[in-house]
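Inside the fold
Single-letter residue listing:
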Amino acid sequence: MIQLPNETLTDDTLRALSSYQSEIDNQPDYERQVAEAKRIWPHRKQNQPFREVKAKLAKMCSGAKRCCYCEDSMADEIEHIWPKDFFPERTFVWENYLFACGPCNGPKSNRFAIFTNQTSSFVIIDNKQFSKAPPPPGDSVLIDPRLEDPMDYLWLDIIDSFAFTPISDDPTDAAYHRGEYTIDVLKLNSRDDLVAARRNAYGNFRARLREYANQKANGTAPAGLNQLKNNIHSEHHPTVWREMVRQQKSIPELKAIFEQIPEAKGW
Ligand SMILES: [Zn+2]
């Protein structure tokens, strides 16, 4: 997961979202707000303003509209980062959306947790406790790629396992729990196909880098080199690419390529 590029909506679309949101907010209590969010979301998300919402969300995705969580499968669902079933006040809030795939959105669904006051413990938000009363205020445990850089919390092993680990190994540190929780909820390490796809992406990126280095050495014109650079940008699994740049000094085969084409460190 990488931090998503910022996209903004037009005023007309923001006004439309705000109007839909007020239908929920105007309900007299939490239970009825949740019910209203569930009732109107399936219909309103088909409305015209959501053409723009979906187009902007698609622009945030890597490759051919790949999921913002796993970066692998086609993104075809608007995901509420803060689940609307517990946080109805965020149902029509632009900053709460990203495009996700079914295999991510399904298991993640309503799973969410918040830090209330202690950074080393958090409250799991579930149906048993919070079907009639709102969750307490607090900060998200799940890493939010709309707001922050997941690579500040997660490290991807691109030498051997192609699994994520939290960068912090201190259980008293909120960052440790945020990494662990995000890996678990999104099943970033437990889907074998996904891990294999990251390994494959590493090979693809390395091949593209070598191709660029060869063509540059052979005097290919800037337009041709630029095309090769753009091909790297349009691949999915951008996290693998970012980790290759981040870790290149400690991986001899990458260090050698990046020494040949140092400009690639800035891509
Ligand atoms: Zn996904």
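Residues numbered from 1 in each chain as written. Predicted model: local features only at pLDDT ≥ 70, side-chain atom pairs only at ≥ 80, totals over all residues.

So, the overall build of the protein
Heads up, the condition is: Here a strand is any run of E in DSSP of at least two residues, a helix any run of H or I of at least four, and the numbering for each starts at the N terminus. Three classes are used. A residue is buried when 20 or more other C-beta atoms lie within 10 Å of its own, exposed when 12 or fewer do, and partly exposed in between, with C-beta atoms placed from the backbone. Contact between two residues is assigned whenever their backbone-derived C-beta positions fall within 7 Å.
Helices and strands together make up the secondary structure of the protein, namely ten helices and seven strands. Considered along the principal axes of its C-alpha atoms, the protein spans approximately 70 × 45 × 30 Å. Expressed as a percentage of its 267 residues, the buried residues of the protein come to 31%. Long-range pairs, those at least 24 residues apart, make up 65% of the contacts in the protein with a sequence separation of at least 6.

Quick look at the sheet that holds strand β5 (residues 139–140)
Put simply, the rule is: Any two strands are treated as partners once DSSP identifies two or more bridges connecting them.
Strand order in the open sheet formed by three strands is β4-β3-β5, and the pairing between neighbours is antiparallel. At either margin of the open sheet sits one strand with a lone partner, and together these are β4 (123–125) and β5. Relative to β4, strand β3 (residues 112–115) runs antiparallel, the two being bridged by three bridges. Its bridge partner being in β4, I114 is matched across the sheet by V123.

Thoughts on the environment of Q129
Position of Q129 among the secondary structure elements: in helix α5 (residues 127–130). On the basis of neighbour count, Q129 is assigned to the exposed category, with 12 C-beta atoms found within 10 Å.

Description of the packing of helix α7 (residues 192–217) against helix α9 (residues 238–247)
This is how the line gets drawn: Angles run from 0 to 180 degrees between N-to-C directions of axes, and those axes are lines fitted to C-alpha atoms, restricted for helices to the stretch in contact. Any angle from 65 to 115 degrees is called roughly perpendicular, while one under 35 is roughly parallel, one over 145 is roughly antiparallel, and all others are oblique. Take the far helix as the reference: if the near one is turned anticlockwise from it by less than a right angle, the crossing is left-handed, and if turned clockwise, right-handed. Residues were grouped as follows: Ala, Val, Leu, Ile, Met, Phe, Trp, Tyr, Cys and Pro as nonpolar; Asp, Glu, Lys and Arg as charged; and all remaining residues, including Gly, as polar.
Running from N to C, α7 and α9 point in directions that differ by 60°, and their axes come no closer than 9 Å. Considering their axes alone, α7 and α9 lie oblique with respect to each other. Seen from above, α7 lies across α9 with right-handed handedness. Contact with α7, carried on its side by R198, A201, Y202 and F205, involves V240, W241 and M244 of α9 and no other residues of that element. Looking at the contact of α7 with α9 residue by residue, the classes come out as six nonpolar, no polar and one charged.

With respect to the domain arrangement of the protein
Selection criterion: Delimitation of the domains relies on an automatic or database domain assignment.
Domains assigned within the protein are domain 1 (11–185) and domain 2 (192–266). Computed over C-alpha atoms, the centres of domain 1 and domain 2 are 31 Å apart. Facing the twelve residues of domain 1 at the interface are 18 residues of domain 2. Tallied by class, the residues present in the side of domain 1 that touches domain 2 amount to seven nonpolar, two polar and three charged.

Considering helix α1 (residues 11–25)
Spelled out, the test is: Multiplying 1.5 Å by the residue count of a helix minus one yields the expected span of that helix. Note that the arc is defined by the directions from the helix axis to the C-beta atoms.
For α1, built from 15 residues, the straight-helix expectation of 21 Å at 1.5 Å per residue is met to within 8% by its first-to-last C-alpha distance of 20 Å. Among the residues of α1, A16, L17, Y20 and I24 are the ones counted as buried. Angularly, the buried residues of α1 cover 95° about the axis, an arc narrow enough to put them on a single face. In α1, the exposed residues that point more than 90 degrees away from the buried face are D11, D12, R15, S19 and S22. Those residues of α1 that are buried lie in contact with α2 (30–44) and α3 (49–60).

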